[in-house]
Structures are given as C-alpha cells and as structure tokens.
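# An overview of the molecular structure
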Amino acid sequence: MGIQDALWNNMAYWLLGTITNDATKLARYAGFYKAMQALGAAISWQLDANDVKFRTQLIVNWVLLDVSAILMIYLSFRIKNHADEPEEDAKENIEHMKENEVAA
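Being a predicted model, the structure only gives us computed values, none of them experimental.

## Concerning the layout of surface pockets
A volume near 1,300 Å³ is recorded for the largest pocket. Around the largest pocket, the lining comprises 31 residues; the ones closest to its centre are W8, Y33, Q37, L64 and S68. Mapped by element, the contributors of at least two residues to the lining of the largest pocket are α1 (2-19), α2 (23-49) and α3 (54-76). A total of 11 residues in the lining of the largest pocket trace back to one element, the largest contributor, which is α3. Looking at side-chain class alone, the lining of the largest pocket contains 22 nonpolar, 7 polar and 2 charged residues.

## Some words on the nonpolar core
One finds A12, L15, L16, Y33 and M72 forming the largest nonpolar core, which totals 5 residues. Broken down by element, the residue count for this core peaks at 3 residues, all from α1. Non-local contacts of M72, meaning those with residues more than four positions away in its chain, are made with W8, M11, A12 and L15.

Conventions used here
Residues numbered from 1 in each chain as written. Predicted model: local features only at pLDDT ≥ 70, side-chain atom pairs only at ≥ 80, totals over all residues. Heavy atoms only, no water. 1 Å grid on protein atoms, 1.4 Å probe; cavity = no way out; pocket = protein on both sides within 12 Å on 5 of 7 lines; lining within 4 Å. Points joined across faces, edges and corners; volume = space filled by probe spheres on them. Helix = DSSP H or I, 4+ residues; strand = E, 2+ residues; numbered from the N terminus. Nonpolar A, V, L, I, M, F, W, Y, C, P; charged D, E, K, R; others polar. Core = buried A, V, L, I, M, F, W, Y, C linked by side-chain atoms within 4.5 Å. Buried < 20%, exposed > 50% of the residue type's maximum accessible area, 1.4 Å probe, protein only. Contact = heavy atoms within 4.5 Å.

Structure (structure tokens):
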C-alpha cells in the first residue's frame, strides 16, 4: 500500500502544479488537498471507532477512491500548457514590484 499512496500523492501534486504558476494559489490548492486527505482519514478512523462492519468500511473507501479518481482523470484531461506564458496575476505582481522599486 505504501507505493500506491506515494504514486497517488505524486500524481495529485503534479496535477496541482499544472493548474497555475502562481505560488499563492498553489499553496491554497495544496492546503485544500491536504484538508480533504485529512477528512478522508478522519472518516476512516471514525468508521473503525464505531465498529462499522469491515465490508461497509471497504465500500466507503472504494466510493471515496472512485470519486477522487474520476475527478483526477477529469482534471488531467483539462491541463493546459501555460509554462511558457506568465499568468495575468504574475504580470500584475511584476508590474507592482517595479512600481514599488521606482517609488523607493
């Protein structure tokens, strides 16, 4: 299971990195991803703590996996090549920095 988790996280972080070049947005996306990961762990622990049948736990885990896999596949087909072009936010940040340098 360790290699599967590592591969899944690697794919998820790669997808997060392809969404935007803005570090602020990436930090928020990564935080949201980790929050959802923690929520999934909390659900798993809660199911186990309430003595839910193992078959029900398995079904819940597979449903969560299937939903996240479908969303990941959908997102992977919507990747755009934007590494060559800075985003509008990045352009605005650069212009703002230049204005501050001139003012100082």
